[in-house]
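If you want the building blocks of each chain, they are given just below.
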Amino acid sequence: MSDPFRLPHRPARRLPAGGRVDRSAPLRFTYDGTRYTGLRGDTLASALLANGVAGASPSLYRGRPRGIATAGVEEPNALVQVAGPGSEPMLLATTLELYEGLTATGLSGRGRLDPGPDPAVYDKMHLHTEVLVVGAGPAGLAAALAAGRSGARVVLVDDQPEPGGSLLAGHEEIDGVPALDWVAAVREELAARPGVRILTRSTATGYYDHNYLLVAEHRTDHLGPHPVPGVSRQRLWHIRARRVVLATGSHERPMVFAGNDLPGVMSAAAVRAYVNRYAVLPGHRAVVLTTNDHAYATALDLVAAGAEVSALVDTRPEPPAGLVDAARRAGIEVVTGSCVVGAYGDAAVAAVRTAALDADDAVTGPVRDLACDLLAVSGGWSPAVQLWSQAQGTTRYDEDLAAFVPARAAQHVDIVGAARGVLDLAGCLDGGFAAGAEAARSAGFPAAVPATPANSGDTRPSRPRPVWLVPGEDGDPSTWHDHFVDLQRDATVADVHRAVRAGMRSVEHIKRYTTIGTAHDQGKASAVSATGVIARLLGARTPGDVGTTTYRGPYVPVPFALLAGRERGPLFDPVRTTAIHPWHTAHGAVFENVGQWQRPRYFPLAGEDMDAAVLRECRAARAGVAVMDATTLGKIDVIGPDAGAFLNRVYTNAFARLAVNSARYGMMCRADGMVFDDGVTLRLAEDHYLMTTTTGNAAGVLDWLEEWLQTEWPELRVRLTSVTEQWATVAVVGPRSREVLGALVPDLDVSNDAFPFMTARETRLANGVEARICRISFSGELAFEINVASWYGLAVWESVIEAGRPLGITPYGTETMHVLRAEKGYPIVGQDTDGTVTPWTWAWSGSSPGRRTSSENARSDGATPAAATAGNSSACCRSTRPCCCRRARSWSPTPKRPCPSGRWDMSPPATAAPPSAAPSPWR
Amino acid sequence: MLLIACPWCGEREELEFHYGGQAHVAHPAEPEGLSDSQWGEYLFVRDNPKGPFAERWSHSAGCRRWFNVVRHTVTHEILAVYPAGQPKPVILP
Ligand SMILES: [Zn+2]
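Residues numbered from 1 in each chain as written. Chains lettered and ligands numbered in written order. Predicted model: local features only at pLDDT ≥ 70, side-chain atom pairs only at ≥ 80, totals over all residues. Heavy atoms only, no water.

A. Up close: the overall build of chain A. For chain A, the count of helices and strands is 20 helices and 44 strands. By residue count, 59% of the 923 residues in chain A fall in the buried class. (Helix = DSSP H or I, 4+ residues; strand = E, 2+ residues; numbered from the N terminus. Buried < 20%, exposed > 50% of the residue type's maximum accessible area, 1.4 Å probe, protein only.)

In structure tokens:
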């Protein structure tokens, strides 16, 4: 397959020596179906450039040819999808480490999720540390060293395979040795300290409150697409740090001129990284365009690597003489006070046109053509303040640096090096040492500030001259359709102009209107350039007058699989099962989830669908006997001398005078009078009640009770304990349930007189198990609930089945339960209510006064109609004294009269005359 | 995610806690004496300051105790932690 962007007729672009690539380790890889060879140490991008491949797919909307533009995480163009199990889309060629057999396909802005399963393991780690340093460039290494020497725990995080940051791309010297030797020594010292942890291939993606950061570590991605046994593919670190030092570096900005998207137009710093770090020459004949000192090093390195530099175009009329002299000595023509006003070429840049600019950035004088296959551009430097901004730190526009720099911190964080606008090596080391020592000190570890070693090769830059919008040779901004502001979004100056003409002034509005900065790269490199264009079009003096957008996490795209970690499949959410669950499974139950509980929905026999099964189960409950696992109902022990008084306050009806071994239905409201929960509460002893709640609301009710007990009524001597899982509950239901009980507990008199409705008996079953049997009903049938310690649940269930077998006892599930209770008109809190239902409207939902009692728990039983609502005295909306909505306790469908306060009095009507329509008590 | 110092357990992740809204909103002693708007104030109206704010937290996945926190609503800095029932500490602006 021929690649239209491949540049023919060129010698090999891999330099014969240098770089941090292993020439003894050639790696074969495939890109867009063509096979190539790279080296260990390459990224996919550097390997493609070494093969003369532009390395990006055509643009998303306009189909324009694009190429690799950067050497890092800010890359706007070079998106790929990597083949393999769990094929991952939207990866950057510039950050993807090459491995043997890598197979990638270029993407035009859109990837495809792999529908197959992802066999890799992703996991999480939680870590506390005194000092977290983000970025292992010179400033970050210095900070980690200073903090680490204090004995404080230090974590150093960097996204590259090895520390060094910008030093990897240059040839500076520190302490009299090559900078990377110094880096190696620092790394060795840090690694020897037990309290220091270095995480490479790890990106800090999010910075949250109280110095809580997420770090995504790539553990095996550089080895290949297949899972490595025993090692997670990626790991998400949750790190809590006393102090954070951000040494996140900076991104070189692109410039906005005609044709600035052509393959071969690259960041000057990226060109330098490809030459020095990867030993790749991205072009043979280059033009360098710069607004600042930094690109001079790129020009010199290109010449040293054997490329021709046709011209170095500096926007500044008077660049520093030393730099100009050095360039000219290397044979480079330096063109000052000028700019590239257009780049041209079919599939890639073939020529640029340059012209002088006046003080207002207007073209003056003649335009000149320069042939080239590489245009290295430095539009200035934007401190990487993304994490700083996520941590709520503010920025301000610095005119001397022409950049937004950190201003005020909102957390215990410092920011050093290029990330705060310090661009010289000595300044980065100074700032790093000082910040690291200070971070350790303020975390309680006295630390000295190490002396900054001698260093050379990267001096303090002079003032840049940004040109935010390079004018086109003709037309006006409305026609500049090839001046790209956001390459990934194909957004141009003409698009921004249209937004401004439509009346937009805010960067945030224009960003949303034009989609600038919203692609995968989130405008890391281009956002400030875009702000500059907006400023020009609005007539503002500087981007600082327009302002910047705020940054949100994640800093780089993060796979959902990593966020999920091991919490997927069965581990996604805890599953709760009852002691009787194995029986349900063995007998073909179809389950449904109720909260986290798995409950049998119905028990189909062979050939039955749900309707047939439910009809059969209902018939058994109505005409014979049926049995349900009711274990999942919430159960709360309410114990203490004031337990009765407490229940009086939390329920709308009274419990203090309930007889021991008797049960009462209660309804619970929130302070706003809305129904919150209901259930039957049983008094087990003078100072001991057992409250039941709806299945899904058990934890919420316990929280609610605790809240009122602790914060409003701390004087009450009551303790609450969840005992849901301590008791298994078997509900035996139906007109013949009494016969089953008789067989189970021969010694217990279960006659209506001896064991009336809403009472309980402590007894021992025939099989010797201690049990509490309650005569309460769920769905209006005669019913008994057998409560036993959980570990006897299955055995007791089986003995109930055995005892009922002669009577055709039928297990049933939640579906039948719903049919039974609905046919009786019993609503369920949370299913038939939605938090806007008062006891009063709830009661009205019943079809007759006798049935307005309701609920999963409420239940009058068929043998004793109309009983459950028998509340009388006080309590409800958390007052210790009567109030209106408190009186909802004995709700009636008839509003009698408004309270003096204006709220409805819901005391029982003298005569129960139903209203003609259901009014709202809150009007 | 906040790091909250439970008065009983020490510093724990926010995940372990349950938020309880503004602190020091006492249940009215005599609700029946209140007008609708006064009752509505109690139920629904809370302060929303930009700055120190006294609020309730429960260590629901820990000791299950309720307590109070003064938190700066802009920076999330926690300025004070004190048991339920104690008066609001004086926080200097
Ligand atoms: Zn606690």
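B. The overall build of chain B, seen in detail. From N to C terminus, chain B includes one helix and six strands. The order of α-helices and β-strands along chain B, N terminus first, is β-β-β-α-β-β-β. Burial statistics for chain B: of 93 residues in total, 39% are counted as buried. Entry remark: accessible area of chain B is about 5,100 Å², with carbon and sulfur atoms responsible for 54%. (Areas by Shrake-Rupley, 256 points an atom, 1.4 Å probe, with all protein chains shown as cover.)

C. Layout of the confidence of the model for chain B. A residue-level look at chain B finds 98% of positions with pLDDT of 70 or above and a mean pLDDT of 92. Of the two predicted TM-score estimates for the complex, the pTM is 0.87 and the ipTM is 0.96. (pLDDT = per-residue confidence, 0-100.)

D. Just the coordination of the zinc ion, in detail. Residue and element names in this part refer to chain B. Taken together, the protein ligands of the zinc ion are Cys-6 (SG), Cys-9 (SG), His-59 (ND1) and Cys-63 (SG), with distances of 2.0 to 2.3 Å. Each donor residue of the zinc ion lies on the same chain, and together they follow the pattern C-x2-C-x49-H-x3-C. The buried category is assigned to His-59, whose relative accessible area is 0%. A relative accessible area of 28% means that Cys-63 is categorised as partly exposed. (Donors = N, O, S within 2.8 Å, 3.2 Å for Na, K, Ca; no water.)

E. Local environment of the sheet that holds strand E42 (residues 810-811) of chain A. Residue and element names in this part refer to chain A. Pairing within the open sheet is mixed, and its six strands lie in the order E39-E40-E41-E38-E32-E42. The open sheet has two edge strands with one neighbour each: strand E39 (760-764) and E42. Bridge count between E39 and strand E40 (residues 770-774): five bridges; the pairing is antiparallel. By the bridge assignment for E40, Glu-762 is matched with Arg-772. (Pairing = 2+ DSSP bridges.)

F. Seen up close, the side chain of A:Ser529. Residues and elements named next belong to chain A. Relative to the helices and strands, Ser-529 is located in helix H11 (residues 527-538). Using a relative accessible area of 3% as the deciding quantity, one classes Ser-529 as buried. Residue contacts for Ser-529: discarding those within four places in its chain leaves Arg-253, Pro-254 and Trp-468. (Contact = heavy atoms within 4.5 Å.)

G. Highlighting the pattern of salt bridges. All names here are of chain A. Counted under the stated rule, the structure contains 51 salt bridges over all chains. Its salt-bridge partner being Asp-293, residue Arg-316 comes within 2.7 Å of it at the nearest N-O pair. One end of the pair, Arg-316, is in the loop between strand E17 (308-314) and helix H6 (321-329); the other, Asp-293, is in the loop between strand E16 (285-290) and helix H5 (295-304), with 23 residues separating them in the sequence. Arg-465 is paired through a salt bridge with Asp-361; the nearest N and O atoms lie 2.8 Å apart. Placement of Arg-465 in the loop between strand E27 (455-456) and strand E28 (484-486) and of Asp-361 in the loop between strand E20 (351-357) and strand E21 (363-371) is noted, with a sequence separation of 104 residues between them. Each of the two residues, Arg-465 as well as Asp-361, counts as buried. Here the residues in one salt-bridge network are Arg-62, Arg-64, Arg-66, Asp-261, Asp-482 and Asp-490, joined through shared partners. (Salt bridge = Lys/Arg side-chain N within 4 Å of Asp/Glu carboxyl O.)

H. Spotlight on helix H17 (residues 737-744) of chain A. All names here are of chain A. Those residues of H17 not exposed but buried are Ser-737, Val-740, Leu-741 and Leu-744. Viewed along the axis of H17, the buried residues span an arc of 100°, placing them on a single side of the element. Looking at the buried positions of H17, the neighbouring elements they touch are strand E38 (727-733), E40, strand E41 (783-789) and helix H18 (793-804). (Arc of directions from axis to C-beta.)

I. The arrangement of the pairing of strand E1 (residues 22-31) of chain A in detail. Residues and elements named next belong to chain A. With seven bridges joining them, E1 and strand E2 (residues 34-40) adopt antiparallel strand pairing. Across the sheet, the residue bridging to Leu-27 is Gly-38, located in E2. Joining the antiparallel neighbours E1 and E2 is a turn of two residues, in which Asp-32 adopts a positive phi near 50°. As defined by bridge partners, E1 adjoins strand E5 (residues 102-107) across three bridges and the pair is classed as parallel. Considered in E5, the bridge of Thr-30 is made with Thr-103.

J. Up close: the pairing of strand E11 (residues 202-208) of chain A. Residues and elements named next belong to chain A. Burial analysis of E11 places six of its seven residues in the buried class, the great majority of the element. Of the pairings in the sheet, the one linking E11 to strand E12 (residues 212-218) comprises six bridges and is antiparallel in character. By the bridge assignment for E12, Thr-203 is matched with Ala-216. As consecutive antiparallel partners, E11 and E12 are separated by three residues, and within that stretch His-210 has a phi angle of approximately 55°, a positive value.

K. Examining the side chain of A:Thr291 more closely. Residue and element names in this part refer to chain A. Assignment of secondary structure puts Thr-291 in the loop between E16 and H5. At a separation of 3.4 Å, a polar atom in the side chain of Thr-291 contacts the main-chain amide nitrogen of Gly-380. Setting aside anything within four residues of it in sequence, one finds Thr-291 in contact with Met-255, Asp-314, Thr-315, Arg-316, Ser-378, Gly-379, Gly-380, Pro-464, Arg-465, Pro-466 and Val-467. (Polar contact = N/O pair within 3.5 Å; in protein donor to acceptor, adjacent residues only side chain to side chain.)

L. Focus on helix H14 (residues 610-623) of chain A. All names here are of chain A. The end-to-end C-alpha distance of H14 is 20 Å, a good match for the 20 Å that 14 residues give at a rise of 1.5 Å each. Of the residues making up H14, those classed as buried are Ala-613, Val-614, Arg-616, Glu-617, Cys-618, Ala-620 and Ala-621. At its buried positions, H14 is contacted by strand E31 (597-602), strand E32 (626-629), E38, E42 and helix H19 (814-824). (Expected span 1.5 Å × (residues − 1).)

M. Examining the environment of A:Gln598 more closely. Following the sequence through the fold, A:Gln598 ends up in strand E31. Every residue in contact with A:Gln598, bar those within four places of it in the chain, is listed here: A:Val575, A:Arg576, A:Thr577, A:His581, A:Phe591, A:Glu592 and A:Asn593.

N. Structural view of the sheet that holds strand E4 (residues 52-58) of chain B. Read across the sheet, four strands follow the order E3-E4-E5-E6 (chain B) without closing on themselves; strand pairing throughout is antiparallel. Edge positions in the sheet fall to strand E3 (18-22) and strand E6 (78-83) of chain B, since each of these pairs with one other strand and no more. In this sheet, neighbouring strand axes are inclined to one another by 30° on average, regardless of whether the strands run parallel or antiparallel. Note that E3(B) and E4(B) share three bridges and pair antiparallel. Bridging across to E4(B), B:His18 finds its partner in B:Ser58. Strands E4 and strand E5 (66-72) of chain B of the sheet are contacted by helix H16 (residues 698-711) of chain A, whose axis makes an angle of about 85° with E5(B). (Axes fitted to C-alpha atoms, helices over the stretch in contact; angles between N-to-C directions.)

O. Representation of the packing of H17(A) against H18(A). Residue and element names in this part refer to chain A. Look at H17 against H18: their axes get within 9 Å of each other, and the N-to-C directions meet at 115°. Crossing of H17 against H18: the hand is right-handed. Contacts between H17 and H18 involve Val-740, Ala-743 and Leu-744 from the first element and Ser-799, Val-800, Ala-803 and Gly-804 from the second. Considered class by class, the residues forming the contact of H17 with H18 number five nonpolar, two polar and no charged. (Left-handed = near helix turned anticlockwise from the far one by under 90°. Nonpolar A, V, L, I, M, F, W, Y, C, P; charged D, E, K, R; others polar.)

P. Looking closely at the nonpolar core. Residues and elements named next belong to chain A. Among the nonpolar cores identified, the biggest contains 51 residues, and Phe-29, Leu-44, Val-80, Tyr-274 and Leu-302 are the most heavily contacted of them. Considering every element that reaches this core, the biggest residue donor is helix H1 (residues 44-50), with six residues. Not counting the four nearest positions on each side in its chain, Tyr-274 is found in contact with Ala-45, Ser-46, Leu-49, Ile-68, Thr-70, Ala-71, Thr-94, Met-266, Ala-279, Val-280 and Pro-282. Of all hydrophobic cores here, the second largest spans 34 residues; its members include Val-133, Ala-142, Ala-147 and Ala-152. (Core = buried A, V, L, I, M, F, W, Y, C linked by side-chain atoms within 4.5 Å.)

Q. The arrangement of the packing of helix H9 (residues 493-501) of chain A against H11(A) in detail. All names here are of chain A. Two numbers describe how H9 lies on H11: the axes approach to 10 Å, and their chain directions differ by 50°. As summarised for this structure, H9 and H11 are arranged oblique, according to the angle between their axes. Crossing hand, H9 versus H11: right-handed. Taken together, the residues of H11 that come into contact with H9 (itself represented by Val-493, Val-496, His-497 and Val-500) are Val-533, Ile-534, Leu-537 and Leu-538. Considering only residue class, the contact of H9 with H11 consists of seven nonpolar, one polar and no charged. (Parallel < 35°, antiparallel > 145°, perpendicular 65-115°, else oblique.)

R. Here's a closer look at the packing of aromatic side chains. According to the stated counting rule, one finds 15 aromatic pairs over all chains in the structure shown. Ring plane angle 40° and centroid distance 5.6 Å describe the contact between A:Trp708 and A:Trp713, whose orientation is recorded as tilted. Side by side, A:Trp708 and A:Trp713 carry an identical accessibility label, which is buried. For the pair B:Phe17 and B:Phe67, a centre-to-centre distance of 5.9 Å together with 80° between the ring planes defines the contact as edge-to-face. Separated by 50 residues along the polypeptide, B:Phe17 in the loop between strand E2 (10-13) and E3 and B:Phe67 in strand E5 bring together distant segments of the chain. Among the aromatic residues, those joined into a cluster by ring pairs are A:Phe646, A:Phe676, A:Trp704, A:Trp708 and A:Trp713. Sitting above the plane of the A:Trp704 ring, A:Arg670 keeps its charged end 5.1 Å from the centroid. (Phe/Tyr/Trp six-rings, centres within 6.5 Å; stacked < 30°, edge-to-face > 60°. Lys NZ or Arg CZ within 6 Å of the ring centre and 35° of its normal.)

S. Local environment of the confidence of the model for chain A. Residue and element names in this part refer to chain A. Per-residue confidence for chain A gives a mean pLDDT of 90, with 90% of residues at or over 70. When the criterion is pLDDT under 50, residues 846-859 qualifies, and its contacts beyond four places in sequence or with other chains add up to 59 contacts. Below a pLDDT of 50 lies the segment residues 862-923, which in the model reaches 169 contacts outside its immediate sequence neighbourhood of four places, other chains included.

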